[in-house]
There are 2 protein chains.
Amino acid sequence: MSLEYSSPLSIERRSFEIIEAQLGDIDIGPENKKILERVIHTTADFDYTENLKFSQDAAKLGIEALRNGAHIVTDTNMALAGVNKKTLKALGGDAHCFIAHPDVAGQAKARGVTRASVAVERACTLKYDLIFAVGNAPTALIRLDEMIKRKRVAPKLIIGVPVGFVNVVEAKELIMKSGVPYIVAAGNKGGSNVAAAICNALLYMVK
Amino acid sequence: MSLEYSSPLSIERRSFEIIEAQLGDIDIGPENKKILERVIHTTADFDYTENLKFSQDAAKLGIEALRNGAHIVTDTNMALAGVNKKTLKALGGDAHCFIAHPDVAGQAKARGVTRASVAVERACTLKYDLIFAVGNAPTALIRLDEMIKRKRVAPKLIIGVPVGFVNVVEAKELIMKSGVPYIVAAGNKGGSNVAAAICNALLYMVK
């Protein structure tokens, strides 16, 4: 079966050619376009052409932060698994996810809040420049917005792409008004895969 | 902010109510409907209502296999991270992904094939009942189909939901003709998150 013996690199190159051809000329800047292409590569969903929202220079600021060793915080272990940690570590950064930490579960239960919300509080104690990548939990974004307002954290960038039907649209709108650079998938769509894809698109643009 | 203090369980319940209401009456059987609902919960993408294809009794056979201790093989660490391993292990199963194994990378390079393809060969040596969950690599499905034809493996179920534009549609069609029970997302869409969601939907129906 000839398909099988295609080289992995040529498959990836061909995929991006197909996506680029289908996108045609869109005027969102080269960095944002790279991000959009990688999100479509991950989802095969061209709705992101309309959904993805970038604050002014968000991609450039994210790339710069990663170049300077920023760490990435994800809200799920799936997103954590998807981030290219080899590339991130080569830049002096690392990736963190506190959702499965035993303390986090205990505290969340005791306080009747989500684990994602407690995990964000925990992440805000990290003494690094931080990029938050949220692909699942709107409550992570809601708590993050609160922590920003309380000056407990000043993220370099927020990747706000939780998926779902409850509080998701509202949480994304909070982030777009937070004053922090953002890349957000407006509406209900998103996911851990989308969060990781955006992190990786930024990482691959650092060089 | 009252949103934040919603209990996690009530958020999930409300999400599924919204999805169910939007789906209305669809006649695909209760097990398949549970799977579809969880995929939409993970993607917010109602296209799966059309895309998801189930072979006769695929969900029932998957549930039965998991009840009997079948193991799950994923093609990516993201899908592996998304599978509810606690529930799976409580049933006597486990989850495996060989993509990042050093031998696999070396062999793939030497043979000029994808790591996903070599990882499938490795998985076929496992001495358990197996469910394959492929959310990323069409070459995993293509190799799996070949291994089935050579009688090197007889999966209890194939979850075939790779995403992309190169070989993806063709690989899924191979699986739908393989004679093995399948749950496939026809077309270009899918993903590691979708693969994990289908595994979890099956796991939650075992009880």
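The structure this text deals with has already been given above.
Here the structure is a predicted model, which is why all the values come from computation and not from measurement. Every chain begins its residue count from 1, and numbering advances along the sequence as written. Chain letters and ligand numbers both follow the written order, the letters beginning at A and the numbers at 1. With pLDDT at 70 or above as the cut-off, local features in this predicted model cover only qualifying residues; side-chain atom pairs require 80 or more to be listed or tallied, and sums for whole chains, interfaces and linings still use all residues. As a rule here, side-chain values cover all heavy atoms of the structure and leave hydrogens and water aside.

On to the pairing of strand 6 (residues 182-185) of chain B. All names here are of chain B. Neither face of strand 6 is open: one carries Tyr182 and Val184, the other Ile183 and Ala185, and all of them are buried. Strands were regarded as paired on the criterion that DSSP finds at least two bridges between them. Counting from the N terminus, the helices are DSSP H or I runs at least four residues long and the strands are E runs at least two residues long. Bridge count for strand 1 (residues 52-54) against strand 6 is 3 bridges, and the pairing is antiparallel. Within the sheet, the bridge partner assigned to Lys53 lies in strand 6 and is Val184. Note: strand 5 (residues 157-160) against strand 6, 3 bridges, orientation parallel. Pairing of Ile159 across the sheet is with Ile183, part of strand 6. Relative accessibility under 20% of the residue-type maximum defines a buried residue, over 50% an exposed one, and the middle range a partly exposed one, all with a 1.4 Å probe and only protein chains included.

As a further point, take the packing of aromatic side chains. Stacked, tilted and edge-to-face pairs are distinguished by plane angle, under 30 degrees for stacked and over 60 for edge-to-face with tilted covering the rest, among Phe, Tyr and Trp rings (Trp via its six-membered ring) whose centres lie within 6.5 Å. Considering all chains together, one arrives at 2 aromatic pairs over all chains under this definition. Centroid distance Phe165 of chain A to Phe46 of chain B: 5.9 Å. Interplanar angle 65°. Geometry classified as edge-to-face. One end of the pair, Phe165 of chain A, is in the loop between strand 5 (157-160) and helix 10 (168-176); the other, Phe46 of chain B, is in the loop between helix 2 (30-43) and helix 3 (48-51), on a second chain. The class for Phe165 of chain A is buried, based on a relative accessible area of 16%.

Another point: the relation of the copies chain B and chain A. Superposing copies: least-squares fit, C-alpha atoms only, residues required to have pLDDT of at least 70 in both. The transformation that overlays chain B on chain A combines an axial shift of 0.0 Å with a rotation of 180°, and the residual RMSD is 0.0 Å. Taken together, the turn and the small shift mark the pair as related by a two-fold rotation axis. For chain B, the smallest separation between a C-alpha atom and the rotation axis is recorded for Met78 of chain B, amounting to 2.4 Å. Throughout, a residue-residue contact means that at least one pair of heavy atoms, one from each residue, lies within 4.5 Å. A share of 100% of interface residues in chain B that are also interface residues in chain A marks the association as one of identical surfaces.

A word on the sheet that holds strand 4 (residues 130-134) of chain A. Residues and elements named next belong to chain A. The mixed open sheet is built from 6 strands, whose spatial order is 1-6-5-4-2-3. Looking at which strands have only one partner, the edges of the open sheet turn out to be strand 1 (52-54) and strand 3 (95-96). Pairing between strand 2 (residues 71-74) and strand 3: 2 bridges, direction parallel. Counted as the bridge partner of Val73 is His96 from strand 3. The axes used here are C-alpha line fits, helices contributing only the stretch in contact, and every angle between their N-to-C directions lies in the interval 0 to 180 degrees. Strands strand 4 and strand 5 of the sheet are contacted by helix 9 (residues 138-149), whose axis makes an angle of about 160° with strand 5.

A word on the side chain of Glu146 of chain B. Note on placement: Glu146 of chain B falls in helix 9 (residues 138-149). For Glu146 of chain B, a relative accessible area of 16% translates into the label buried.

Moving on: unusual backbone geometry. One non-glycine residue, Lys151 of chain A, lies in positive phi territory at about 60°. Counting through the fold element by element, Lys151 of chain A comes out in the loop between helix 9 and strand 5. A positive phi angle, close to 55°, is found at Ala44 of chain B, a residue other than glycine. Residue position: Ala44 of chain B is located in the loop between helix 2 and helix 3.

Glancing now at the pattern of salt bridges. We count a salt bridge whenever a side-chain nitrogen from Lys or Arg sits within 4 Å of a carboxyl oxygen from Asp or Glu. Applying the stated criterion to the full structure yields 26 salt bridges over all chains. A salt bridge links Asp103 of chain A to Arg122 of chain A; the nearest nitrogen and oxygen atoms lie 3.5 Å apart. You can see Asp103 of chain A sitting in helix 7 (residues 102-111) and its partner Arg122 of chain A sitting in helix 8 (residues 115-123), a full 19 residues away along the chain. On the basis of relative accessible area, Asp103 of chain A is assigned to the partly exposed category, the value being 44%. One salt bridge connects Glu121 of chain B with Arg111 of chain B, and the closest N-O pair in it is separated by 2.9 Å. Separated by 10 residues along the polypeptide, Glu121 of chain B in helix 8 (residues 115-123) and Arg111 of chain B in helix 7 (residues 102-111) bring together distant segments of the chain. Since its relative accessible area comes to 18%, Glu121 of chain B is described here as buried. Look at the salt bridges and you will find they share partners, linking Asp45, Asp47 and Lys189 of chain A together with Asp45, Asp47 and Lys189 of chain B into a network.

These figures come from the coordinates and say nothing about function on their own.
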